[in-house]
Amino acid sequence: MPTILITGGSGLIGSQLSKLLLKDGLSVRHLSRSAQPDAAVPTFKWDIAKGIVDPRALEGVDHIVHLSGAGIADERWTKQRMQVLYSSRVETADLLKREVEKTGAWPRTFISASGVNYYGTLTSDHVFTEEEPSANDFPGQLCQAWEDAAAAWTAQCRVVQLRTSVVLAREGGALPKLAAPARWGLASPLGSGTQWMPWIHVEDLARAYLHAIQHAEMHGAYNIAAPEDVRNRDFMREVAHALRRPFFLPNVPAFALRAVLGGPSELVLEGSRVSNAKVVASGFSFRHPELGEALAGLLQ
Ligand SMILES: NC(=O)c1ccc[n+]([C@@H]2O[C@H](COP(=O)([O-])OP(=O)(O)OC[C@H]3O[C@@H](n4cnc5c(N)ncnc54)[C@H](OP(=O)(O)O)[C@@H]3O)[C@@H](O)[C@H]2O)c1
C-alpha cells in the first residue's frame, strides 16, 4: 500500500485530499507545525525555523504532496509577511529535501501546490498555458520560487506542480468570504467585475492530486481550473442565485478594496483565464465543470 506524506495536510486542501486517499485505501501521513499523536491521520512535527523534521515522517514514503503555505490573502504583504509566505512554501521544500538526502530514501514523486498567480495579477483576454513565463509581480515570483524548490527534486524523483485556481469549498478558502455579503442580500461585483476568476471545486482538486500520484507519465506544471470561464460579476451573480438572494447593487469600488486589503486585493481585482488542456490531455476529467452546479452544492 503506497504511503503519502502531505505537508500542510491539516489545511483545506490537505483534509479533502487525505479523505480521498484514505477512501482509496492508501496510507496517509501529515507533516505539521504541531504534532498530533491522537489524530486520525498520523501527524509528525517539523520546525522550519530550527530546520528540524521528525525522521519517522519520512520512513518508507512513496509520494510527497507539498501543500504547506501561509495564506497569501490573509494579511497585507509587508516585508515580514512576504518572508513568511516564502519560507512556508520554499524553505519547507528545501528543508525536506535536505532531510531526505541524509537517508537517500527518495520518494517516487514530489507533487507541489502552486498558483495560477504564477502568470501574475492582471486582467487580459489572454488564456495562459503552462509554457509561459512567470510574472514579475510578487505572486508571480513567489510561485516561481515555489516551483523551483519543487523542481530541485527532479534529479531524484518525478516532480509535478499543480498551478491551482481559486478553490471553492464549503469549509474555508475564498468562497465563504465572497458569499458572506450575498447572504445579507448585498452581493455585488468587485472592482470592474470584468476580471476573470478561474476556479476549481475542492473535490476536483483533491482528485487532481490523486490523478497526479497515479499517473507516472505526468511531469512538470499543470494548470488546474474548471472548464467554465467566468468573470467576477458572473461569479458573484451565480453566488447570489445559489443563495436565492438579489443581485442589483453597484460594484464595490476597486479603491475601497485596495484601501482595506492592501496588496492581496489584487488577487480578487485582477485575473485572466488559464488553459486546462494539459491536465485534460493527461486523462483528467472534472466532476464539477459548471459553476452554477458547484455553487448550488457548496452553498446549500
Ligand atoms: N485554497 C486556494 O484557493 C488555493 C489556491 C491556489 C493555491 N493554494 C495553495 O495550496 C496550498 C494549500 O492550500 P489550503 O487552501 O489547503 O491552505 P490552508 O488551509 O491555509 O492550509 C495550509 C497549511 O499550511 C500550513 N501552514 C500555514 N502557515 C504555515 C507556516 N507559516 N509555515 C509552515 N506551514 C504553514 C498549515 O499546516 P499546519 O498548521 O499543520 O502546519 C496549514 O494547514 C497552499 O500552499 C496554498 O497557497 C491554495
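All of the points below concern the structure found in this document. This structure is a prediction, so every number in the text was calculated from the model and none was measured. (Residues numbered from 1 in each chain as written. Predicted model: local features only at pLDDT ≥ 70, side-chain atom pairs only at ≥ 80, totals over all residues. Heavy atoms only, no water.)

Looking at the pairing of strand E5 (residues 63-66)
Selection criterion: Working definition: with a 1.4 Å probe on protein chains only, accessible area under 20% of the residue-type maximum means buried, over 50% means exposed, and in between means partly exposed. In this description a helix means any DSSP run of H or I spanning at least four residues, a strand means any run of E spanning at least two, and both kinds are numbered starting from the N terminus. What makes two strands pair is DSSP finding at least two bridges between them. A clockwise path from the first strand over the helix to the second, with the strands pointing away from the viewer, defines a right-handed crossover.
Burial along E5 is two-sided: the residues His63 and Val65 and Ile64 and His66 are all buried. Strand direction decides the pairing type here: strand E1 (residues 3-7) and E5, joined by four bridges, are parallel. What sits directly across from Thr7, in E5, is His66. Note: E5 against strand E6 (residues 109-115), four bridges, orientation parallel. What sits directly across from His66, in E6, is Ser112. The handedness of the E5 to E6 crossover, carried by helix H2 (residues 79-103), is right-handed.

Thoughts on the site of the ligand
Going by this rule: Nearness is judged by heavy atoms alone; a residue qualifies as near a molecule or strand once a single heavy atom is within 4 Å of it. Counting of polar contacts relies on pairs of N or O atoms within 3.5 Å, with two restrictions inside protein: one atom must be capable of donating a hydrogen and the other of accepting it, and residues adjacent in sequence are counted only when both atoms are side-chain atoms. Only the protein chains shown count as cover for residues, and the accessible areas themselves come from Shrake-Rupley with a 1.4 Å probe. In the scheme used here, Gly and all other residues not listed as nonpolar or charged are polar, with Ala, Val, Leu, Ile, Met, Phe, Trp, Tyr, Cys and Pro taken as nonpolar and Asp, Glu, Lys and Arg as charged.
Contacts to the ligand come from 22 residues, most closely from Ser10, Leu12, Ile13, Ser32 and Arg89. Gly11 places a polar main-chain atom, nitrogen or oxygen, 3.2 Å from an oxygen atom of the ligand. At a separation of 2.8 Å, an oxygen atom of the ligand approaches a polar backbone atom of Ile13. For the ligand, whose accessible area on its own is 890 Å², the fraction buried by protein is 79%. Of all the secondary structure elements, the ones that give two or more residues to the shell around the ligand are helix H1 (12-23), H2, E6 and strand E9 (166-168). Here the shell around the ligand takes three residues from H2, the largest share from any one element. The residue inventory of the shell around the ligand, partitioned by class, reads ten nonpolar, ten polar and two charged.

Purely geometric stuff here, so don't read any function into it on its own.
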